[in-house]
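# Per-entry structural report
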Amino acid sequence: MKRPKKFKILLLIVISFAILSSLYLYINSEKKYEDISYSEFISYVKNGKIERVNLNNSSRIRGKFTTGEFFITDNPRTENFKETLLINNIKVVETSGNSTIVQGFTFLLFLVGIGAIAYFINNNMTKQAQKEMASMSNVESNNENEYTFTFDNVAGNEEAKESLKELVDFIDNPEKYSKYGARIPRGILLYGPPGTGKTLLAKALAGEAKVPFFSVTGSDFIQVYAGLGASRIRSLFKKARACGKSVIFIDEIDALGKKRKGNLSSNGNDEGDRTLNALLTEMSGFSDSEGTIVVAATNRVDILDEALLRPGRFDRQIEVGLPDVNARYKILKLHSKNKPLSEDVNLEKLSQETSYFSGAMLENLMNEAAMIAARNNDSYINMDHIDKAFFTVLVGEEKKDRSSILMKDKKITAYHEAGHALVAKKVSMDNRVTKVSIIPSTKGMGGFSMNIPPDKMYQTKKDIRNNIMIALGGRAAEEIIFGAENITTGAYNDLQKATDMIVKMMGIYGMDKELGLLNYEVVLGQNMGSNSIIIDRLKNQIDELYEETKELIIKNKSFLNQIAMNLLDKEVLNEVEINDILFRKCSIA
Ligand code: ADP
Ligand code: ZN
């Protein structure tokens, strides 16, 4: 239904004409006319200063001075007015139209012009919107990959893969699950740093289940035209439904579902909100037996609107973290499968030297190396090529020895995390440290150590004190190993937790002799911190606990060193490995 070009040109001419003529009339009607009183006019008439008068029936009349200028004055509307003028040798031009009609006409022309412009803009907007819709449908489906993508295309990420594998069976046999009344997750949220394989995992899920894969990006939905995002969501789901079972992938979901700033105010007319609501509506429109799964990805789970994470929405969340040494080796291996590597390339060593690299960076590294080798017409990709590629991948990084680039950071993180783990095991034998890692995760600054205290209904004062010491263990280890001047911001989160715990212990649970049994929240509301007596007492106590923590670490410094060294080597230690260091070696000594 294209409009002919001729029509467009004609419209353009009409618009220009309307605008120009209304402009002309406007200028002529107001600007150039000198407004004079009737008595002034009469005296000009007598002095022969008037050349011409335009006579009409309206309240005002216009005319021309002998000087060539124009005037406007009141119309006397007397019978002999015309005669008076003629007697005084003044030309009389009789116009039937009056100026209100002219003004009306001007206004009408103006309206036509505006209308035409509005029509054009609107017309273009719809075109643009249509174009966007069209471009979107290009991105959408990917069925031509013919389900060749499988979990074998994803290296590492074992836990994420396990979680997703369960869903393959659901997509294949949704009836089986609904027969048992099991509620199936509608939405899966994959979160983690960029380039860690989230898209890859979603594709693999579709590939393994042999269903079409539809993908869109959240930021695509933030459009100028109101309502377009929502209608795109609806059309995406409609398309997916038409295919029966499918995997719908929404990358950068945070672009749609950002946390709202004011808790209470939900600006319902915000475009992002509208799109998000459309998405949630579509998701809840699925029946359990349909076998469609929506997978969303984000780099920042913390900024997501909680509405997205509620049951029936993206209620299964899977972390996709940066790869550890082992996973890096697997990824490197995967991406050099079809590349001719020279004998001197040691992927194991390379995986050691690529801490903090994402899967995408590793892929990029191997690809760059291959490009360099090809450019040089070398028959194999050698270590030289990889060295060169290394710096291309780490754009912005200085040409330092690559193994030292991150070594300092790594060492600090290793000691910090070792501090947490050591203190956790030393304050109470009941504490389990299941994992220590120096790979950054979305939860922690530089890795995390998991400490699961045994299940208990109540926490004792001793438990809380221990937990505060565990939280302070990272900073304490940093200070002991690197000196008081070299402590880092890495303890930011730990201090937040420790402060929270000590405030509760002493100010709310009444566990401090000096502050007594008062719940200071009841006494002072949220302003506990403005009371200097309480603050002094809290600070005094946390300082004491910090000293105790340091003493504990110094006493066990050899363990701290061993944990840190093992972390530097392996990056991730599991429970058995930690206990090995702490107990078996201990009994030998
Ligand atoms: P994300 O969606 O997390 O940003 P992608 O899945 O788009 O990351 O990964 C980008 C590219 O990086 C992939 O196409 C692949 O080549 C490589 N890659 C990332 N992670 C992995 C992995 N775990 N295994 C194999 N290749 C990976
Ligand atoms: Zn810490």
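Just above sits the structure.
A brief report on the enclosed structure follows. (Residues numbered from 1 in each chain as written. Chains lettered and ligands numbered in written order. Predicted model: local features only at pLDDT ≥ 70, side-chain atom pairs only at ≥ 80, totals over all residues. Heavy atoms only, no water.)

This brings us to the coordination of the zinc ion (ligand 2). Taken together, the protein donors to the zinc ion (ligand 2) comprise His416 (NE2), His420 (NE2), Asp494 (OD) and Asp494 (OD), at separations of 2.0 to 2.8 Å. Viewed at the metal, the four donor atoms of the zinc ion (ligand 2) are separated by angles of 51 to 145°, and the geometry they form is irregular. All donors of the zinc ion (ligand 2) come from a single chain, and their spacing in sequence reads H-x3-H-x73-D. Highlighted residues: His420 in helix H15 (residues 407–427) and Asp494 in helix H17 (residues 492–508), separated in sequence by 74 residues. Note on accessibility: His420 and Asp494 belong to one class, buried. (Donors = N, O, S within 2.8 Å, 3.2 Å for Na, K, Ca; no water. Tetrahedral: all angles 85-135°; square planar, octahedral: opposite > 155°, others 65-115°. Helix = DSSP H or I, 4+ residues; strand = E, 2+ residues; numbered from the N terminus. Buried < 20%, exposed > 50% of the residue type's maximum accessible area, 1.4 Å probe, protein only.)

Moving on, we come to the sheet that holds strand E2 (residues 50–55). Pairing in this open sheet of five strands is mixed, and the strands run E1-E4-E3-E2-E5 from one edge to the other. A single partner strand is all that each edge strand has here, and the edge strands are strand E1 (33–35) and strand E5 (91–94). Averaged over all pairs of adjacent strands, the angle between their axes in this sheet comes to 30°, without regard to strand direction. In the sheet, E2 pairs with E5 via four bridges, with the strands oriented parallel. (Pairing = 2+ DSSP bridges. Axes fitted to C-alpha atoms, helices over the stretch in contact; angles between N-to-C directions.)

This part covers the site of ligand 1. In the neighbourhood of ligand 1, 17 residues make up the surrounding shell, with Ala155, Gly195, Lys198, Thr199 and His335 lying closest. Protein chains bury 80% of the 560 Å² of accessible surface belonging to ligand 1 in isolation. Elements with a minimum of two residues in the shell around ligand 1: helix H7 (198–209), helix H10 (325–335) and helix H12 (359–375). For the shell around ligand 1, the class distribution of residues is seven nonpolar, eight polar and two charged. (Near = heavy atom within 4 Å. Areas by Shrake-Rupley, 256 points an atom, 1.4 Å probe, with all protein chains shown as cover. Nonpolar A, V, L, I, M, F, W, Y, C, P; charged D, E, K, R; others polar.)

A word on the pattern of salt bridges. Applying the stated rule across the entire model yields 22 salt bridges. Of the charged contacts in the structure, one is a salt bridge between Asp500 and Lys504, with a shortest N-O distance of 3.1 Å. Placement of the pair is Asp500 and Lys504 together in helix H17, with a separation of four residues, close to one helical turn. Relative accessible area serves as the criterion here: at 33%, Lys504 is assigned to the partly exposed category. Salt-bridge contacts for Asp543 lead to Lys539; the nearest nitrogen and oxygen are separated by 3.1 Å. In this pair, Asp543 and Lys539 both sit in helix H19 (residues 532–555), four residues apart, roughly one turn of the helix. Salt bridges here are not isolated pairs; linked through shared partners, they connect Asp35, Arg60 and Asp74. (Salt bridge = Lys/Arg side-chain N within 4 Å of Asp/Glu carboxyl O.)

Compared with the 24 Å implied by 1.5 Å per residue over 17 residues, the 24 Å span of H12 between its first and last C-alpha is a close match. For H12, every residue scored as buried is listed here: Gly359, Leu362, Leu365, Met366, Glu368, Ala369, Ile372 and Ala373. Elements that come into contact with the buried residues of H12 comprise H10, helix H11 (347–352) and helix H13 (383–393). Just downstream of H12 lies Asn377, where phi reads positive at about 55°. (Expected span 1.5 Å × (residues − 1). Contact = heavy atoms within 4.5 Å.)

On to the packing of aromatic side chains. Aromatic ring pairs: the centre-centre distance and the angle between the two ring planes describe each pair. Within the structure shown, the criterion is met by six aromatic pairs. Arranged with centres 5.2 Å apart and planes meeting at 75°, the rings of Tyr44 and Phe65 form a pair that is edge-to-face. Separated by 21 residues along the polypeptide, Tyr44 in helix H2 (residues 38–46) and Phe65 in strand E3 (residues 60–65) bring together distant segments of the chain. Take Tyr44: its relative accessible area is 24%, and that puts it in the partly exposed class. Taking the relative accessible area as the measure of exposure, Phe65 reaches 6% and is therefore buried. (Phe/Tyr/Trp six-rings, centres within 6.5 Å; stacked < 30°, edge-to-face > 60°.)

Take the sheet that holds strand E9 (residues 292–298) next. What holds strands together in a sheet is hydrogen bonding between their backbones, with the strands either parallel or antiparallel. One open sheet accounts for five strands, arranged E7-E8-E9-E6-E10; its pairing is parallel. Two strands lie at the open edges of the sheet, namely strand E7 (213–217) and strand E10 (316–319), each paired on one side alone. Averaged over all adjacent pairs, the angle separating strand axes in this sheet is 20°, with direction ignored. For strand E6 (residues 187–191) and E10, the ladder comprises four bridges, and the chain directions are parallel. From the neighbouring strand, Leu190 faces E10, where its bridge partner is Ile318. Against the sheet, helix H5 (residues 158–172) contacts E6, strand E8 (246–251), E9 and E10, and its axis sits at roughly 140° relative to E10.

Three or four residues apart is the spacing at which side chains of an α-helix point the same way, because the helix has 3.6 residues per turn. Within H13, burial applies to Met383, His385, Ile386, Ala389, Phe390 and Val393. The arc enclosing the buried residues of H13, seen along the axis, measures out at 150°, which places them on a common side. For H13, the N-terminal capping position is held by Asn382, with its side-chain oxygen 2.9 Å away from the main-chain nitrogen of Asp384. (Arc of directions from axis to C-beta. Polar contact = N/O pair within 3.5 Å; in protein donor to acceptor, adjacent residues only side chain to side chain.)

Nonpolar side chains collect at one region of the surface, where Leu518, Val522 and Val523 lie side by side and expose about 290 Å² of accessible area between them. With respect to the helices, strands and loops of the structure, Val523 is situated in helix H18 (residues 520–524). (Patch = residues over 30% accessible without salt bridge, like charges linked within 9 Å, V, L, I, M, F, W, Y side chains within 5 Å.)

Another aspect to go through is the pairing of E3. The side chains of a regular strand alternate, residue by residue, between the two faces of the sheet. Note: E2 against E3, four bridges, orientation antiparallel. Opposite Val53, over in E3, you have Gly63 as the bridge partner. Hairpin connection between E2 and E3: a loop of four residues separates the two successive antiparallel strands. Taken together, the five bridges between E3 and strand E4 (residues 70–74) define a ladder with antiparallel strand orientation. Within the sheet, the bridge partner assigned to Ile61 lies in E4 and is Thr73. The turn joining E3 and E4, which pair antiparallel and follow one another in sequence, is formed by four residues; a positive phi near 100° is taken by Gly68.

Attention now moves to the nonpolar core. By size, the foremost hydrophobic cluster in this structure holds 45 residues, and its most contacted members are Ile468, Ile502 and Ile563. Elements that contribute at least two residues to this core include exactly H15, strand E11 (432–437), helix H16 (461–482), H17, H19, helix H20 (557–570) and helix H21 (575–588). What Ile502 contacts, discounting residues up to four positions off in sequence, is Ile468, Gly507, Leu538, Gln541, Ile542 and Leu545. Formed by 26 residues, the second largest nonpolar core is a distinct cluster that contains Phe151, Ala160, Ile184 and Ala202. (Core = buried A, V, L, I, M, F, W, Y, C linked by side-chain atoms within 4.5 Å.)

With respect to the helices and strands, the residue Lys339 is situated in the loop between H10 and H11. One buried charged side chain, Lys339, makes no salt bridge at all; its nearest oppositely charged neighbour is Glu363, positioned 5.7 Å away. Separated by 2.6 Å, the side chain of Lys339 and the backbone oxygen of His335 make a polar contact. (Lys, Arg positive; Asp, Glu negative; His and termini not counted.)

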